[in-house]
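# A closer look at the structure
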Amino acid sequence: MTATPSPAASRGTEVRLTDLTRVYPGNVRALDGFTLHIAPGEFVALLGPSGCGKTTALRLLAGLEDADGGTIEVGGRDVTNVPTSKRDMGMVFQAYSLFPHMTARQNVEFGLQLRKQDKATRHGRAADMLDLVGLSKQADRYAHQMSGGQQQRVALARALAIEPQVLLLDEPLSALDAKVRSQLRDEIRRIQLEVGTTTLFVTHDQEEALAVADRVGVMNAGRLEQLASPAQLYKNPATPFVADFVGLTNRLHCRVAGGVAQVLGGAVPLLAGSAGDGLAIVLVRPEGVTIAPVGSGGSGGSGGAAATVVSASFLGASGKIVARLESSEGVGDLVSVQVDNTDVTAYAPGQRVLLAPRGDAALAVSAT
Amino acid sequence: MSTRHTERRKRAALRWTVIGLTLVFFLIPLYGMLEFTTRDLINGGRTGKFWTTLVDVPQVTERYPALAEGFASSMALALITVVVMLLLLVPTMTWVRLRLPGLTRTVEFICLLPLTVPAIVLVVGLTPVYAWVTYLLGEGTVWLGLAYVILVLPYAYRSLDAGLRAIDVKTLSEAARSLGASWLRVMWQIVLPNLRTAVLSASFLSVALVLGEFTIANLFSRKNLQVAMFELGKSDGQLSVAVGLASLVFAFVVLFAMSFVGRKEKS
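Residues numbered from 1 in each chain as written. Chains lettered and ligands numbered in written order. Predicted model: local features only at pLDDT ≥ 70, side-chain atom pairs only at ≥ 80, totals over all residues. Heavy atoms only, no water.

Counting its regular elements, chain A contains nine helices and 20 strands. When its C-alpha atoms are laid out on the principal axes, chain A stretches across 80 × 45 × 45 Å. With 368 residues in all, chain A has 50% of them scored as buried. Considering only residue pairs separated by 6 or more positions, chain A has 68% of its internal contacts joining residues 24 or more positions apart. A total of about 16,100 Å² of accessible surface is found on chain A, and carbon and sulfur atoms cover 51% of it. (Helix = DSSP H or I, 4+ residues; strand = E, 2+ residues; numbered from the N terminus. Buried < 20%, exposed > 50% of the residue type's maximum accessible area, 1.4 Å probe, protein only. Contact = heavy atoms within 4.5 Å. Areas by Shrake-Rupley, 256 points an atom, 1.4 Å probe, with all protein chains shown as cover.)

In structure tokens, the structure reads:
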């Protein structure tokens, strides 16, 4: 990268959260030995169900809450006991947080003013930032004169204006409607790549996390379950929780032998960390299953498992068929199958079909 | 359509009747005061001599020193009360909201307590405290301001509470702090500007209350405007009523000016 007057912003800062613990009154362990290492300039998303501690982790890094144990290092410096105002973090909140008595420009300039920058510098920087988020024309508007999406953009500009060591995004898109949300999501990624600031993004929306982040950390009960690239996370979930939480998953009874699960009349290779030989449940994605009408004879000539269609839904870009496996004992498993949107009409509830695994590797857990 | 029209006219008529009656209710005593102060009791007919006396400041100061003293004291008291009240309440209430939400009910209870305590009881309770105030700070009337702060707490609390509820103090202060603002700056540059209306109305109520306060000042033998007026009434009834009317008008002007200042800053 070329030499710019803002080395911190252009190169990014390394963040190390080590063994963080945070206990809330009532002995609720919001964070329980949470460790996360973010490389300089990296975009990491923390994903998890509500109450998993992801927001707490971000607030600890911001200094808005104190850790009950563990250390926080930013750029090699221990900031565990440094107050928020001296941590140099840009933050965008879930709630709209623009100062209501200031215009967009004044909001963006606020942090620069605190850094004693002169008027001309401030103006220039604020104009650049508002330009970056595409709101140059709204510079003189107050928060109540802007839409939610615009307010969050200004908040982003305000956070980036101070050239923070780390950019913290605390579910910044949650309050927006679907369309603005995906638009702003892509824009956040573009801007992050442009400025290169190390970023921590907290969200409960897996699509959001998978779409923007370099690496996604899935959290559960105050701990990091897995930290991996979106594709890795989806294809090679390390734990059943991750497999379940990220993407849709079918839980199918199977028999494991020699690292292979026998299911749906076929074989599924198992990922590391799967259950050993014996009865188990294998977690198969809806797109990891093929479907064909009985008697078509086409796909899965080797057979497959007989099932009855329960529902067929058209989902826009794709379609989903839900079928119940025929079982000799009790009620069979329900299986979701992803199909092309043009194929949805080929299936109707009550119709008999054959299901077979595609053979993508999956995770199996012991059946208990 | 015509029924709706008559309906609307009926409602307008009712509205004006209510406003008219209210105005009459408030204005008649004032008119009575004006009529009384312009009556020439010795020669009959009308005289403006009480009003000319009142306007002639040097003369009033010389002939009725108590009145001038009382006026100055009340002004100082209004100012002190508002300043101390704001310094006490704004940071406390903001802090409770941000850091100690569990204490909200307690603080509210304490602030509303003075409403339930009659002034006379308050004085009894304050007497030993004021023995110390007098010992440490002197006998000045202005120290009554401390008691007045307690007196205005309920009204000020209500106004400020409404203002704090209207903004997301937590997120705003967290945003400001992440941008590098100290707590003092968060208070001064973020919280206070967004509480302006609430601060203004709290100050309003406080000023109005202080300018009209008689009981506590009288029982502590301090001379504020109301006490001076009361004493004057014993020797010169007409002039005392003239002062009363003038002080009402003055209070009205002060409050009007304050609301004007508040609005002007906003635009």
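All names here are of chain A. If you walk across this open sheet you meet the five strands as β15-β19-β16-β17-β18, and the pairing is antiparallel. Bordering the open sheet on either side are β15 (289-293) and β18 (334-340), each of which pairs with just one other strand. Averaged over all neighbouring strand pairs, the angle between strand axes comes to 45 degrees, with direction disregarded. As judged from the seven bridges shared by strand β17 (residues 318-325) and β18, these two strands associate in the antiparallel manner. (Pairing = 2+ DSSP bridges. Axes fitted to C-alpha atoms, helices over the stretch in contact; angles between N-to-C directions.)

What follows concerns the interface of chain B and chain A. Across the contact, 17 residues belong to chain B and 22 residues belong to chain A. Across the chain B/chain A interface, buried area totals approximately 1,800 Å², and carbon plus sulfur atoms make up 64% of it. Three residues, Glu174, Ser178 and Leu179 of chain B, lead the burial of chain B against chain A; their summed loss comes to 35% of the area buried on that side. Here chain B and chain A share one salt bridge between them. Between arginine 59 of chain A and glutamate 174 of chain B there is a salt bridge, with its nearest N and O atoms 2.6 Å apart. When contributions to the side of chain B that touches chain A are tallied by element, the ones reaching two or more residues are α8 (169-178) and α9 (183-194) of chain B. Counting residues per element, the side of chain B that touches chain A draws most heavily on α8 of chain B, which supplies eight residues. (Buried area = accessible area lost by both parts, 1.4 Å probe. Salt bridge = Lys/Arg side-chain N within 4 Å of Asp/Glu carboxyl O.)

A separate point is the packing of aromatic side chains. Counted according to the given criterion, the structure contains 10 aromatic pairs over all chains. Their ring planes at 75 degrees and their centres at 5.0 Å tell us that tryptophan 95 of chain B and tryptophan 183 of chain B sit as a pair that is edge-to-face. One end of the pair, tryptophan 95 of chain B, is in helix α4 (residues 65-99); the other, tryptophan 183 of chain B, is in helix α9, with 88 residues separating them in the sequence. A relative accessible area of 35% means that tryptophan 95 of chain B is categorised as partly exposed. Both rings, one in phenylalanine 252 of chain B and one in phenylalanine 256 of chain B, keep their centres 6.3 Å apart while their planes meet at 20 degrees; by these two values the pair is stacked. Highlighted residues: phenylalanine 252 of chain B and phenylalanine 256 of chain B, both in helix α13 (residues 237-266), separated by four residues, approximately one helical turn. Accessibility assignment for this pair places phenylalanine 252 of chain B and phenylalanine 256 of chain B in one class, exposed. Its end group placed over the ring of phenylalanine 99 of chain A, arginine 158 of chain A keeps NZ or CZ at 4.5 Å from the ring centre. A cation over a ring is seen here: arginine 285 of chain A above tyrosine 234 of chain A, with NZ or CZ 4.0 Å from the ring centre. (Phe/Tyr/Trp six-rings, centres within 6.5 Å; stacked < 30°, edge-to-face > 60°. Lys NZ or Arg CZ within 6 Å of the ring centre and 35° of its normal.)

This paragraph deals with the packing of helix α5 (residues 148-161) of chain A against helix α6 (residues 178-195) of chain A. All names here are of chain A. Interhelical geometry of α5 versus α6 gives an angle of 15 degrees and a closest axis separation of 11 Å. Classified by the interaxial angle, the pair formed by α5 and α6 is roughly parallel. Once α5 is placed against α6, the crossing between them reads as right-handed. Packed against α5, whose contacting residues are Gly149, Gln152, Arg153, Leu156 and Leu160, the element α6 presents Val180, Gln183, Leu184, Glu187, Ile188, Ile191 and Val195 at the interface. Taken together, the residues of the contact of α5 with α6 sort by class into seven nonpolar, three polar and two charged. (Parallel < 35°, antiparallel > 145°, perpendicular 65-115°, else oblique. Left-handed = near helix turned anticlockwise from the far one by under 90°. Nonpolar A, V, L, I, M, F, W, Y, C, P; charged D, E, K, R; others polar.)

We now examine the domain arrangement of chain B. All names here are of chain B. For chain B, the assigned domains read domain 1 (2-37) and domain 2 (63-266). Each side of the interface is counted separately: domain 1 has five residues, and domain 2 has seven residues. In total, about 540 Å² of surface goes out of reach between domain 1 and domain 2, with carbon and sulfur atoms giving 86% of it. Considering only the side of domain 1, the residues that lose the most area to domain 2 are Met33, Phe36 and Thr37, jointly responsible for 79% of the buried surface there. Applying the counting rule to domain 1 against domain 2 returns zero salt bridges. The tally of links between domain 1 and domain 2 comes to one residue pair in polar contact (both at pLDDT 80 or more). The residue makeup of the side of domain 1 that touches domain 2, split by class, is four nonpolar, one polar and no charged. (Domains from an automatic or database assignment. Polar contact = N/O pair within 3.5 Å; in protein donor to acceptor, adjacent residues only side chain to side chain.)

All names here are of chain A. Read across the sheet, six strands follow the order β6-β7-β8-β3-β9-β10 without closing on themselves; strand pairing throughout is mixed. The open sheet has two edge strands with one neighbour each: β6 (89-92) and β10 (223-228). Looking at each pair of strands side by side, their axes are set apart by 20 degrees on average, direction ignored. Summarising the sheet, strand β9 (residues 215-220) and β10 pair through five bridges and their orientation is antiparallel.

Time to look at the confidence of the model for chain B. When pLDDT is averaged along chain B, the result is 85; 97% of the residues meet or exceed 70. Averaged pLDDT values over the elements of chain B bottom out at 76 in α13 of chain B and peak at 92 in α8 of chain B. (pLDDT = per-residue confidence, 0-100.)

A separate point is the environment of valine 365 of chain A. All names here are of chain A. Examined against the element boundaries, valine 365 turns out to sit in strand β20 (residues 363-366). For valine 365, a relative accessible area of 14% translates into the label buried. C-alpha separation for the pair valine 365 and valine 28, spaced 337 residues apart in sequence, amounts to 28 Å. Valine 365 has contacts with Pro240, Arg251, Ala275, Ala280 and Ile281, leaving out every residue within four places of it along the chain.

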